[in-house]
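Analysis of the macromolecular model
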Amino acid sequence: VNTLRRDILSKPRDDASLAREVHAMRETMRKHLLSDGRMEDGEFHLKQGVGGIVDIEFMVQYGVLAHAHQCHDLLTYTDNIRILDGFERQNILSASQAQDLREAYEIMRAAEHRLTLQNQAGEVSSYDLQEQRQKVMAIWATMMAC
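Residues numbered from 1 in each chain as written. Predicted model: local features only at pLDDT ≥ 70, side-chain atom pairs only at ≥ 80, totals over all residues. Heavy atoms only, no water.

1. Section: the packing of aromatic side chains
- By the definition in use, this model includes zero aromatic pairs.
- Stacked on the ring of phenylalanine 58, the Lys or Arg arginine 26 has its end atom at 5.6 Å from the ring centre.
- Here the basic side chain of arginine 133 rests over the ring of phenylalanine 44, its NZ or CZ set 3.9 Å away from the ring centre. (Phe/Tyr/Trp six-rings, centres within 6.5 Å; stacked < 30°, edge-to-face > 60°. Lys NZ or Arg CZ within 6 Å of the ring centre and 35° of its normal.)

Structure below.
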C-alpha cells in the first residue's frame with residue numbers, strides 16, 4: 001500500500017492544471033455540501049466554510065500532489081500537521097504561512113470537537129475565528145492561484 005501511495009503521489013504534474021482542478025473540485029464540493037439551506041447569515045461552517053478545515057486539507061493535498069515528485073519527504077507522513085511541517089522545510093510555504101495553517105487547523109478542529117461532544121452542529125458565528133479564516137483564505141489565494 002505504501003509503495004502504491006508513493007508511486008501515485010510522486011508523479012510529476014502540471015501545477016497550473018492541478019491547481020485549477022483542485023480549485024474546481026473544492027468549489028463543487030462546497031456548493032453541494034452547503035446548498036441545503038443549513039447555513040444562516042452570520043454563521044461559519046468550520047469544515048466546509050470558506051477558510052475552514054477542508055480548505056486547509058485541500059491545500060495540503062494539492063501541495064503533496066504538486067511537489068512530492070521533487071520532495072519525497074512529503075510522502076513520509078499522512079497527517080496534515082506534519083505535512084505542513086514538510087512544506088515549511090521544503091520552502092513550499094514560508095514559516096509564517098505554515099504556522100498560520102497549523103494554528104488555524106488545530107483551533108478549528110478543537111472547536112469542531114467541542115461542538116461534536118455537545119451534540120451541536122459544526123457551526124460558529126461568522127465573527128469567530130475571523131483572523132484564522134482570513135489567513136487561510138490569503139494562503140489559498142497565493143497557493144491555489146491558477
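2. Side note on the pattern of salt bridges
- All chains considered together, the criterion is met by eleven salt bridges.
- Note that arginine 30 and glutamate 27 form a salt bridge whose closest N and O atoms lie 3.5 Å from each other. With a gap of three residues between them, arginine 30 and glutamate 27 both fall in helix α2 (residues 15-33), about one helical turn apart.
- When its relative accessible area of 10% is taken as the criterion, arginine 30 is described as buried.
- Since its relative accessible area comes to 27%, glutamate 27 is described here as partly exposed.
- Residue aspartate 100 is joined to lysine 135 by a salt bridge in which the shortest nitrogen-to-oxygen separation is 3.6 Å. Of this pair, aspartate 100 sits in helix α5 (residues 95-117) while lysine 135 sits in helix α6 (residues 130-143), placing them 35 residues apart in sequence.
- Taking the relative accessible area as the measure of exposure, lysine 135 reaches 27% and is therefore partly exposed.
- It is possible to trace a salt-bridge network through shared partners that takes in Arg26, Glu27, Arg30 and Asp55. (Salt bridge = Lys/Arg side-chain N within 4 Å of Asp/Glu carboxyl O. Helix = DSSP H or I, 4+ residues; strand = E, 2+ residues; numbered from the N terminus. Buried < 20%, exposed > 50% of the residue type's maximum accessible area, 1.4 Å probe, protein only.)

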